[in-house]
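Structure at a glance
Below, each chain spelled out in residue letters.
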Amino acid sequence: MTDKFLEQLRQIIDQQYILTADHDKEPYLTDWRKRYTGKALAIVLPRTSSEIAKIVHLCASNNICIVPQGGHTGFCGGATPDQSGNQIVLNLKRMNSILQIDEANQTITLEAGCILQNIQEAAAAKGFLFPLSLGAEGSCMIGGNLATNAGGTNVLRYGNTRDLCLGLEVVTAKGEIWNGLKGLRKDNTGYDLRDLFVGSEGTLGIITAAVMKLYPLPISQWTTLVAVDDVRSTIALLNLFQKRATSLLTGFEMMTNESLVLTHKHFPQMGNPLKGNPPYTVLIELSDHESEAHVRQLLEDILQDAFESELISDAVIASNLSQANAFWHMREHITLAQAEEGANLKHDITIPLSALDDFMRDTDALIRAKYPGVRIINFGHLGDGNLHYNIAAPQGVAPKEFNRLNEKPIHELVYAQVERFRGSISAEHGVGQLKLEGLRAHKGEVAHELMKSVKRALDPQNLLNPHKVVSI
Ligand code: FAD
Ligand code: 2HG
Ligand code: ZN
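Residues numbered from 1 in each chain as written. Chains lettered and ligands numbered in written order. Predicted model: local features only at pLDDT ≥ 70, side-chain atom pairs only at ≥ 80, totals over all residues. Heavy atoms only, no water.

1. Things to note about the nonpolar core
Grouped together as the largest cluster of nonpolar side chains are 51 residues, with contacts concentrated most on Leu237, Phe241, Phe252, Phe359, Ile367 and Tyr389. Those elements that place two or more of their residues in this core are β12 (220-228), α9 (231-245), β13 (249-256), β14 (280-288), α11 (292-308), α13 (353-370), β18 (386-392) and α14 (399-420). With seven residues, the single largest contributor to this core is α9. Listed in part, the 28 residues of the second largest apolar core include Phe128, Leu132, Leu134 and Val170. (Core = buried A, V, L, I, M, F, W, Y, C linked by side-chain atoms within 4.5 Å. Buried < 20%, exposed > 50% of the residue type's maximum accessible area, 1.4 Å probe, protein only. Helix = DSSP H or I, 4+ residues; strand = E, 2+ residues; numbered from the N terminus.)

2. Notes on the UniProt feature "domain: FAD-binding PCMH-type" (unreviewed entry) in the chain
The UniProt record annotates "domain: FAD-binding PCMH-type" (unreviewed entry) at residues 36-217. Across residues 36-217, helical content stands at 24% and strand content at 26%; the span's end C-alpha atoms are separated by 39 Å. (UniProt positions renumbered as here; feature names shortened; annotations may be inferred.)

3. A look at the site of ligand 1
The local shell around ligand 1 holds 35 residues, among which Pro68, Gly70, Gly71, Thr73 and Gly74 are the closest. With respect to ligand 1, the backbone of Met141 contributes an N or O atom lying 2.9 Å from an oxygen atom. Gly151 is positioned such that a nitrogen or oxygen atom in its backbone is 2.9 Å from an oxygen atom of ligand 1. Considered on its own, ligand 1 offers 970 Å² of accessible surface; in the complex 96% of this is hidden by protein. Counting residues per element, the ones that place at least two in the shell around ligand 1 are β3 (65-69), α5 (142-148) and β10 (205-213). Top contributing element to the shell around ligand 1 by residue count: α5, with five residues. Looking at the shell around ligand 1 residue by residue, the class counts come to 14 nonpolar, 19 polar and two charged. Two domains each donate at least three residues to the shell around ligand 1, and these are domain 1 (2-91) and domain 2 (98-216). (Near = heavy atom within 4 Å. Polar contact = N/O pair within 3.5 Å; in protein donor to acceptor, adjacent residues only side chain to side chain. Areas by Shrake-Rupley, 256 points an atom, 1.4 Å probe, with all protein chains shown as cover. Nonpolar A, V, L, I, M, F, W, Y, C, P; charged D, E, K, R; others polar. Domains from an automatic or database assignment.)

4. Structural notes on the environment of Asn179
Here Asn179 lies in strand β9 (residues 177-180). The class of Asn179 is exposed, set by a relative accessible area of 53%. Each C-alpha atom of the pair Asn179 and Glu169 lies 4.6 Å from the other, and the pair is ten residues apart in sequence. In this view, Asn179 contacts Leu168 and Glu169; residues no more than four positions away in its chain are not counted. Here Leu181 takes part through its backbone nitrogen, which lies 2.9 Å from a polar atom of the side chain of Asn179. (Contact = heavy atoms within 4.5 Å.)

5. Some points on the packing of α13 against α14
When two helices pack together, their arrangement is given by the angle between the helix axes and by the axis-to-axis distance. Interaxial distance between α13 and α14 falls to 11 Å at its minimum, and their mutual angle equals 160°. When the interaxial angle is binned, α13 and α14 end up roughly antiparallel. As for the relative orientation of α13 and α14, their crossing is right-handed in sense. Each of Phe359, Asp362, Thr363, Leu366, Ile367 and Lys370 in α13 lies in contact with α14, whose residues at this interface are Ile410, Leu413, Val414, Gln417, Val418 and Arg420. A breakdown of the residues in the contact of α13 with α14 according to their chemical character gives seven nonpolar, two polar and three charged. (Axes fitted to C-alpha atoms, helices over the stretch in contact; angles between N-to-C directions. Parallel < 35°, antiparallel > 145°, perpendicular 65-115°, else oblique. Left-handed = near helix turned anticlockwise from the far one by under 90°.)

Quick look at the structure:
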């Protein structure tokens, strides 16, 4: 059966793009965190949406499931196949053309396999900003960003991937091609199919192309690191910036001292320029289309206010682009430092800002009482109420063993706290296979059943990424 399937596949797509040898398949089978390793009948690298449509038909008639894959940088195992060996991985990296930049409409139309950084650079070359930005931008792809509704560091000003998307092309689970590639900012024609596919993590359709919004490229940007004593002051500082800088505020990231100490341990060149290891370091960025001097003055005025109201105790303003980049690198290297340190337990959560201080105080106390010595590596997009509340084994304890024993109760503890404070168990990383079980309780019976109904309606054969997000 397998041989016949592969033979039919070769009639759709050249055999050099169908990887079946173990050493060729291997790079596509383990996720970035090295949590999941699956098996696959083949890794298939299509070039066009009509090839994909044919592949879907072929898979449907052979009962072979499809795992869509972009850069494979996702944190929830969504793009990793299961252990059955009866799935194919459909990696979209060859579909990497930028189809059009429409300057008047301020949109970019592109294929799903475009790497995020290449999109940013293509937009910048025409004087535009494509604002989606995240640590994996050198390898994640826009199809993956759309499928996970990725967030990142500019959500505060420009929204998440969903907010940046105007149109999609999708190959459905029935092998049809839906062309919704319209660059419209208003379109109230019934159910929003685009928004259904965005964030569906490859379970409802295969995204093959998209129309995304562009913005004028800011001409001035100032980045600062400030020292703050507690979460309450950090939120007051955010509110001060929101009030005074309004739409000029493009970044507001919080890092605990413990996060930066770990980063410095693994990347010694990334020291915190603020003296005295403050409990919280906040990275703030203002961007605008006015002169540099105007934005700088505004930043200095707000920082002055913040000093006077004792919200901050120290501040360093980046004096040039390379120093600003160094501040951002330090922030983005926390994830890499955690990976160097060993496996950790990630909680990508959102909490209403008004409840964040109580959440952190309470949850930290519960965790520290129950698991003495654990390291709470807490950082994130505070401007969005999005914390990366990550737990690492105590110093000197083997992370794998610690996680094996404690993963379940720690997740339960943190997620119970998230429910108590009316937050979300997935702010931006999605559900994949990691949070499949947790989702049912979190969404509640009605919402969970509705999600299953949608999956059954769009993918009755359960062909696309089964047992990710919801099981039917
Ligand atoms: P993959 O990992 O390949 O796939 C992710 C999911 O989307 C899977 O379920 C897959 O089946 C599905 N999928 C992929 N392509 C398609 C397609 N064309 N059609 C349908 N389904 C598809 N995420 C954030 O939100 N914010 C961050 O700040 C952030 N920072 C990160 C930093 C680092 C260092 C790393 C490693 C990851 C980070 N991530 C972050 C997570 C990850 O980069 C994002 O989830 C990203 O959007 C995944 O894109 P990808 O192309 O790698 O998708
Ligand atoms: C970030 O904000 C990413 O840097 C990664 O979302 C978060 O490592 C993490 O948990
Ligand atoms: Zn993040």
